[in-house]
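Remarks on the overall topology
As a plain string of letters, each chain reads:
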Amino acid sequence: MSSFGKIYRVTTYGESHCKGVGCIVDGVPPGMALTEADIQPQLSRRRPGQSKLTTPRDEKDRVTIMSGTEFGVTLGTPIGLTVPNLDQRPHDYSETDVFPRPSHADYTYLEKYGVKASSGGGRASARETIGRVAAGAIAEKYLKDALGVDIVAFTSSVGKAAMPFIRDLQENDTVKPEFYDFLNTIDRPTVDADITRCPHAETAEQIKEVILKKAEEKDSVGGTVTCVIRNCPVGLGEPCFDKLEALLAHAMLSIPATKGFEFGSGFCGTTMAGSQHNDPFVKKNDGSFGTKTNFSGGVQGGITNGENIYFRVAFKPAATISRDQETTSYDGVVGTLATRGRHDPSVVPRAVPIVESMAALVIME
Ligand SMILES: Cc1cc2nc3c(=O)[nH]c(=O)nc-3n(C[C@H](O)[C@H](O)[C@H](O)COP(=O)(O)O)c2cc1C
């Protein structure tokens, strides 16, 4: 199925080299001001061809609202959104008629459906995420206007180059108080100030070096995106199966190329003592009830506690690489796959708005 959510339901459509991609969004409240200008900024942050660190496929990704609004106001009816695919080059992928790309979706799609899009990964392409980002932008607008919810994601590591808070957790079983200040204040202009989308200058430089080196070697490299959700009301999430962490994990692991999800202290919490890891309750300066530390990541018992929600998503190195790969053809013959096409040496900087959008879909629901 191609739908996500029940109350705020998003259905995406489109493949990498068809005429266009987009989505239908059901459940947008009526009477909300909405035009393309509310959606375009996130699509432009996701689009390919933004910098020397991303794929050179040049798509402007201009969105058109096809239905569900009139005079710039939502009608409460399904909103149809469409984005044309302009820079299609299906012939770039003719080698993949013979060889399924290692660690891409060619083999599994063909086995499952008996037929597949002839080029570019079909529904497994990152073009599919345009619908998610467009629907997420609408959700974000509603959440911001109605509740002041703020969602910001950023590149936290690429390869072995990682922001200091990750090293603090991994090596010292703790985070510095500045990490919590950082989560309170980080914003999108700061994230976008560097093409890596890493808001820590020293790490950003290392990340640039890593990505450019991999691009030069016709290879790819993975990394992580961290996301914070601020001002989320207390009480979201269900106690058992629909815990907020579980819903976020579902959303994040549905993004192409994801291989891991950790919430709050995540896997690093496993080496800490309970006495270090527990978040003591405090009455804060503004009179609100909260916690002194936040290893829980803003959720306890599956339910939001009013603290910042934060989590980290792991992205693998993009499967399509331009260097020769020894593999086996569909016919079972060993050979060399030399992929041409245009690829992201690291998907991480472009994944940032996708993570924000999926987070918005979960909180909206
Ligand atoms: C923003 C973004 C860009 C991507 N760019 C590429 C790419 O250039 N080449 C590639 O092989 N995969 C790319 N991917 C990943 C594929 O969409 C996906 O990994 C692949 O179909 C295999 O599926 P899986 O890794 O999700 O199992 C990208 C993913 C994202 C989120």
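Heads up: these notes are all about the structure in this document. (Residues numbered from 1 in each chain as written. Predicted model: local features only at pLDDT ≥ 70, side-chain atom pairs only at ≥ 80, totals over all residues. Heavy atoms only, no water.)

**Some details on unusual backbone geometry**
If you check the backbone angles, Asp61 has positive phi at about 55 degrees while not being a glycine. Of note, Asp61 is situated in the loop between helix 1 (36–46) and strand 4 (64–67). For Asp61, a relative accessible area of 2% corresponds to the buried category. (Helix = DSSP H or I, 4+ residues; strand = E, 2+ residues; numbered from the N terminus. Buried < 20%, exposed > 50% of the residue type's maximum accessible area, 1.4 Å probe, protein only.)

**What to know about the sheet that holds strand 4**
Spatially, five strands are ordered 1-2-3-7-4 in an open sheet, and the strand pairing comes out antiparallel. The sheet is open, and its two edges are formed by strand 1 (3–4) and strand 4, each paired on a single side. For strand 3 (residues 20–26) and strand 7 (residues 79–84), the ladder comprises six bridges, and the chain directions are antiparallel. Bridge pairing in strand 7 links Gly22 to Thr82. (Pairing = 2+ DSSP bridges.)

**Quick notes on the pairing of strand 17 (residues 325–328)**
Burial along strand 17 is one-sided: Gln325 and Thr327 are buried, while Glu326 and Thr328, pointing the other way, are not. In this structure, strand 17 lies alongside strand 18 (residues 334–337), joined through four bridges in antiparallel fashion. Residue pairing in the sheet places Gln325 in a bridge with Leu337 of strand 18.

**Some thoughts on the site of the ligand**
The immediate surroundings of the ligand are formed by 15 residues, with His104, Ala124, Lys316, Thr320 and Asp344 found nearest. Taking Ala319, its main chain carries an N or O atom lying 3.4 Å from an oxygen atom of the ligand. A distance of 2.4 Å is found between an oxygen atom of the ligand and a side-chain nitrogen or oxygen belonging to Thr320. Class assignment of the residues belonging to the shell around the ligand gives a composition of eight nonpolar, four polar and three charged. (Near = heavy atom within 4 Å. Polar contact = N/O pair within 3.5 Å; in protein donor to acceptor, adjacent residues only side chain to side chain. Nonpolar A, V, L, I, M, F, W, Y, C, P; charged D, E, K, R; others polar.)

**As for the sheet that holds strand 16 (residues 309–315)**
Pairing within the open sheet is antiparallel, and its five strands lie in the order 9-8-10-16-11. Pairing within the sheet leaves two strands with one partner each, and these edge strands are strand 9 (161–162) and strand 11 (258–263). One ladder, built from two bridges, connects strand 8 (residues 150–158) with strand 9; its direction is antiparallel. Considered in strand 9, the bridge of Ser157 is made with Ala162. Running over the sheet, helix 8 (residues 244–253) touches strand 10 (223–230), strand 11 and strand 16 and is turned about 160 degrees from strand 11. Contacting strand 8, strand 10 and strand 16, helix 10 (residues 348–364) crosses the sheet at an angle of about 145 degrees to strand 8. (Contact = heavy atoms within 4.5 Å. Axes fitted to C-alpha atoms, helices over the stretch in contact; angles between N-to-C directions.)

**Looking at the packing of aromatic side chains**
With the rule as written, the count across this model stands at eight aromatic pairs. Measuring from ring centre to ring centre gives 5.2 Å for Phe154 and Phe182, while their planes differ by 85 degrees; the resulting arrangement is edge-to-face. Here Phe154, found in strand 8, pairs with Phe182, found in helix 5 (residues 177–185); they are 28 residues apart in sequence, far enough to count as distant. As far as burial versus exposure is concerned, Phe154 and Phe182 are alike and both buried. Aromatic ring contacts, followed pair by pair, group Phe165, Phe179, Tyr180 and Tyr310 into a single cluster. (Phe/Tyr/Trp six-rings, centres within 6.5 Å; stacked < 30°, edge-to-face > 60°.)

**Some thoughts on the nonpolar core**
Among the nonpolar cores identified, the biggest contains 85 residues, and Leu248 and Phe311 are the most heavily contacted of them. When residues in this core are grouped by element, the largest group, 12 residues, is from helix 10. Once residues lying within four places of it in the same chain are set aside, the contact partners of Phe311 are Val225, Thr226, Cys227, Ile229, Leu248, Met252, Phe261, Glu262, Phe263, Gly264, Val355 and Ala359. (Core = buried A, V, L, I, M, F, W, Y, C linked by side-chain atoms within 4.5 Å.)

Remember that the coordinates give geometry; whether it matters functionally is a separate question.
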